[in-house]
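# Secondary and tertiary structure notes
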Amino acid sequence: MSSKESPEKPQHEAGAVTEAARPELEEPKLYKVVLLNDDYTPMDFVVVVLETFFRMSKEMATQIMLHVHTRGKGVCGVFSRQIAETKVNQVNAFSQAHQHPLLCSMEEA
Ligand code: TYC
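Residues numbered from 1 in each chain as written. Predicted model: local features only at pLDDT ≥ 70, side-chain atom pairs only at ≥ 80, totals over all residues. Heavy atoms only, no water.

What follows is about the site of the ligand. Neighbouring the ligand are Leu35, Leu36, Asn37, Asp38, Thr41, Met43, Val46, Met65, Val68, His69 and Leu102. In the model, a nitrogen atom of the ligand is placed 2.9 Å from a nitrogen or oxygen of the His69 side chain. Here the ligand is seated within the largest pocket. Sorting the residues of the shell around the ligand by element identifies strand S3 (30-36), helix H1 (43-54) and helix H2 (58-71) as the ones contributing at least two each. Counting residues per element, the shell around the ligand draws most heavily on H2, at three residues. (Near = heavy atom within 4 Å. Polar contact = N/O pair within 3.5 Å; in protein donor to acceptor, adjacent residues only side chain to side chain. 1 Å grid on protein atoms, 1.4 Å probe; cavity = no way out; pocket = protein on both sides within 12 Å on 5 of 7 lines; lining within 4 Å. Sits in = over half its atoms within 2 Å of the grid points. Helix = DSSP H or I, 4+ residues; strand = E, 2+ residues; numbered from the N terminus.)

Below you can see the structure in the form of structure tokens.
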């Protein structure tokens, strides 16, 4: 494509007006960031993780923590791949630094 052309710009050629072919762009995939239950991480620590890394209120963080505690896992949020990877790495590093076995992972949404 020359510097003057763009996919949105109609092409004028010998009186004909045509739309340039515009390749379809795929929607970027989304990923659920998931927290897993374990028997050792203190409930208060999980609430702090949800408040700190997922910007939840204490009330919402407590609800999600109790959901994970009773059901085994729960969704903390849905993000693009890069943001989801960053959240997972931040949470797991924070848990390790505090010597808790809390695990965070991601799944295609
Ligand atoms: N099951 C933990 C306890 O009884 C609390 C907990 C909740 C741990 C959620 C992890 O993702 C988790 N102390």
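Alright, that's what it looks like, and here's the rest.
Another aspect to go through is a nonpolar patch on the surface. On the surface, Leu30, Val75 and Val78 cluster together into a nonpolar patch covering about 240 Å² of accessible area. With respect to the secondary-structure elements, Leu30 resides in strand S3. Since its relative accessible area comes to 46%, Leu30 is described here as partly exposed. (Patch = residues over 30% accessible without salt bridge, like charges linked within 9 Å, V, L, I, M, F, W, Y side chains within 5 Å. Areas by Shrake-Rupley, 256 points an atom, 1.4 Å probe, with all protein chains shown as cover. Salt bridge = Lys/Arg side-chain N within 4 Å of Asp/Glu carboxyl O. Buried < 20%, exposed > 50% of the residue type's maximum accessible area, 1.4 Å probe, protein only.)

What follows is about the sheet that holds strand S4 (residues 73-80). Spatially, the three strands line up as an open sheet ordered S4-S3-S5, and their pairing is antiparallel. Across the chains shown, the open sheet's two edge strands, defined by having one partner strand only, are S4 and strand S5 (103-108). Ignoring strand direction, the axes of neighbouring strands in this sheet form an average angle of 30°. Seen against the sheet, helix H3 (residues 81-97) touches S3, S4 and S5 and runs at an angle of roughly 165° to S5. (Pairing = 2+ DSSP bridges. Axes fitted to C-alpha atoms, helices over the stretch in contact; angles between N-to-C directions. Contact = heavy atoms within 4.5 Å.)

Before going further, it helps to examine the packing of H1 against H2. Look at H1 against H2: their axes get within 9 Å of each other, and the N-to-C directions meet at 125°. In terms of orientation, H1 and H2 fall into the oblique class. Considering how the two elements wind past one another, H1 and H2 form a crossing that is right-handed. Facing H1, whose interface residues are Met43, Val46, Val47, Leu50 and Glu51, H2 presents Lys58, Ala61, Thr62, Ile64, Met65 and His69. Per-class residue counts for the contact of H1 with H2 are seven nonpolar, two polar and two charged. (Parallel < 35°, antiparallel > 145°, perpendicular 65-115°, else oblique. Left-handed = near helix turned anticlockwise from the far one by under 90°. Nonpolar A, V, L, I, M, F, W, Y, C, P; charged D, E, K, R; others polar.)

Further remarks concern H3. Helix length check: H3 (17 residues) gives 24 Å between terminal C-alpha atoms against 24 Å at 1.5 Å per residue, within 8%. Among all positions in H3, only Ala84, Lys87, Val88, Val91, Asn92 and Ser95 are buried. All buried residues of H3 lie within an arc of 120° about the axis, which places them on one face of the element. The exposed set on the far side of H3, more than 90 degrees from its buried face, consists of Gln82, Asn89, Gln96 and Ala97. In the core, the buried residues of H3 are packed alongside S3, H1, S4 and S5. In the segment just after H3, Gln99 is the residue with positive phi, at about 55°. (Expected span 1.5 Å × (residues − 1). Arc of directions from axis to C-beta.)

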